[in-house]
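Notes for the structure review
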Amino acid sequence: MASIGLFYGSNTGNTENVAYILKEEFDKILPGAVDVHNIGRSTPEDILRYNNIIIGIPTWNTGELQDDWDAFMPKFNSMDMNGKKVALFGLGDQNGYGFNFQDAVGIVADKVMERGAQVWGLWPTSGYQFEESKAREDEFFLGLAVDEVGQTEMTRGRIQNWVKAVKAEFGL
Ligand SMILES: Cc1cc2nc3c(=O)[nH]c(=O)nc-3n(C[C@H](O)[C@H](O)[C@H](O)COP(=O)(O)O)c2cc1C
């Protein structure tokens, strides 16, 4: 088993693609560090097997969770996440949904903190244009914000920087 469990949900494939780019970038600095799982086929036990957890989620339907994460959400309530380190990344569209940009990251971050986890991998809000986000805390997002609709060309570089930060914050 790898040292990081990455769990993603994806309706149209963007978050899935980013999940595998993240794995590729981790492999460059920490070979074999990441196991990738689709949350649609995962249980709470699958997540709790890891101490270092990455969650990938797009925001859908104007401020809502992606379908598989939405279905999983109630299961968090039976999970003890004390001692777990969680880093989140989100997919969103700042031009199309500027009042709900990356909301799903904020919703899931709040839930895992409520269950006892520590959230790492905060990401600066500079370089994005949006009005409101449940994922925002002051000058940071509660995870890496990826926009494959309006800022595709920035995705690889953002991931590379975030992966280095998360590796350090996870103590790996
Ligand atoms: C109907 C619809 C609603 C969306 N709502 C939001 C939203 O509220 N906030 C946001 O940041 N992005 C929103 N998006 C953009 C998606 O998050 C974005 O397209 C993402 O890359 C999809 O990821 P996926 O392919 O992994 O499902 C929406 C897209 C669609 C088509």
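Below is a short write-up of the structure. Here the structure is a predicted model, which means the values were calculated and not measured. (Residues numbered from 1 in each chain as written. Predicted model: local features only at pLDDT ≥ 70, side-chain atom pairs only at ≥ 80, totals over all residues.)

Some words on the overall build of the protein
- Looking only at helices and strands, the protein features five helices and 10 strands.
- Whereas a compact globule of 172 residues would reach a radius of gyration of roughly 16 Å, the protein reaches 14 Å, a difference of no more than 12%.
- Restricting to contacts in the protein with at least 6 residues of sequence separation, those with at least 24 account for 76%. (Helix = DSSP H or I, 4+ residues; strand = E, 2+ residues; numbered from the N terminus. Rg over C-alpha atoms; globule rule 2.2 N^0.38 Å. Contact = placed C-beta atoms within 7 Å.)

A closer look at unusual backbone geometry
- Positive phi values are uncommon outside glycine, yet Asn-61 reaches one of about 55°.
- Mapped onto the fold, Asn-61 is located in the loop between strand 3 (52–60) and strand 4 (64–65).
- On the basis of neighbour count, Asn-61 is assigned to the partly exposed category, with 13 C-beta atoms found within 10 Å.
- A positive phi is found at Gln-102, a non-glycine position, where the angle reads about 65°.
- Residue classification places Gln-102 among the buried positions, given that 34 C-beta atoms sit within 10 Å. (Buried ≥ 20, exposed ≤ 12 C-beta atoms within 10 Å, placed from the backbone.)

Digging into the site of the ligand
- The environment of the ligand is formed by 23 residues, the closest being Ser-10, Asn-14, Thr-15, Pro-58 and Gly-92.
- Mapped onto the shell around the ligand, the elements with two or more residues apiece are helix 1 (14–29) and strand 3.
- Looking at which element gives the most residues to the shell around the ligand, the answer is strand 3, with three residues.
- Looking at the shell around the ligand residue by residue, the class counts come to six nonpolar, 14 polar and three charged. (Near = placed C-beta within 6 Å. Nonpolar A, V, L, I, M, F, W, Y, C, P; charged D, E, K, R; others polar.)

Some remarks on the sheet that holds strand 8 (residues 136–137)
- Ordered in space as 7-9-8, the three strands form an open sheet in which the pairing is antiparallel. Each edge of the open sheet is held by one strand with a lone partner, namely strand 7 (123–124) and strand 8.
- Direction of pairing for strand 8 relative to strand 9 (residues 140–141): antiparallel, over a ladder of two bridges. Residue pairing across strands places Arg-136 opposite Phe-141, the latter belonging to strand 9. (Pairing = 2+ DSSP bridges.)

Re helix 4 (residues 103–114)
- Helix length check: helix 4, at 12 residues, gives a terminal C-alpha distance of 17 Å against a target of 16 Å (1.5 Å per residue), a fit within 8%.
- Of the surrounding elements, those touching the buried residues of helix 4 are strand 3, strand 4, helix 3 (67–72), strand 5 (85–91), strand 6 (118–120) and strand 9. (Expected span 1.5 Å × (residues − 1).)

A short note on the nonpolar core
- Ranked by size, the top nonpolar core spans 49 residues in total, and within it Leu-88, Val-105 and Val-108 carry the most contacts.
- Put simply, the parts of the chain that give this core at least two residues each are strand 1 (4–8), helix 1, strand 3, helix 3, strand 5, helix 4, strand 10 (144–146) and helix 5 (155–169).
- Element by element, the count of residues in this core is highest for helix 4, at six residues.
- Once you skip the residues sitting within four places of it in the chain, Val-105 turns out to touch Ile-57, Leu-88, Gly-90, Ala-135, Phe-141, Leu-142 and Gly-143. (Core = buried A, V, L, I, M, F, W, Y, C linked by C-beta atoms within 7 Å.)

As for the pairing of strand 3
- Buried residues dominate strand 3, accounting for nine of its nine residues.
- Residues of strand 3 alternate between two faces, with Asn-52, Ile-54, Gly-56, Pro-58 and Trp-60 on one and Ile-53, Ile-55, Ile-57 and Thr-59 on the opposite face, all of them buried.
- The pairing of strand 1 with strand 3 spans five bridges and is parallel. Each bridged residue has a counterpart across the sheet, and for Leu-6 the counterpart in strand 3 is Ile-54.

Some thoughts on the environment of Lys-84
- Structurally, Lys-84 is set in the loop between helix 3 and strand 5.
- Sequence separation between Lys-84 and Gly-63 is 21 residues, and the spatial gap between their C-alpha atoms is 26 Å.

Read these as geometric descriptors, not functional statements.
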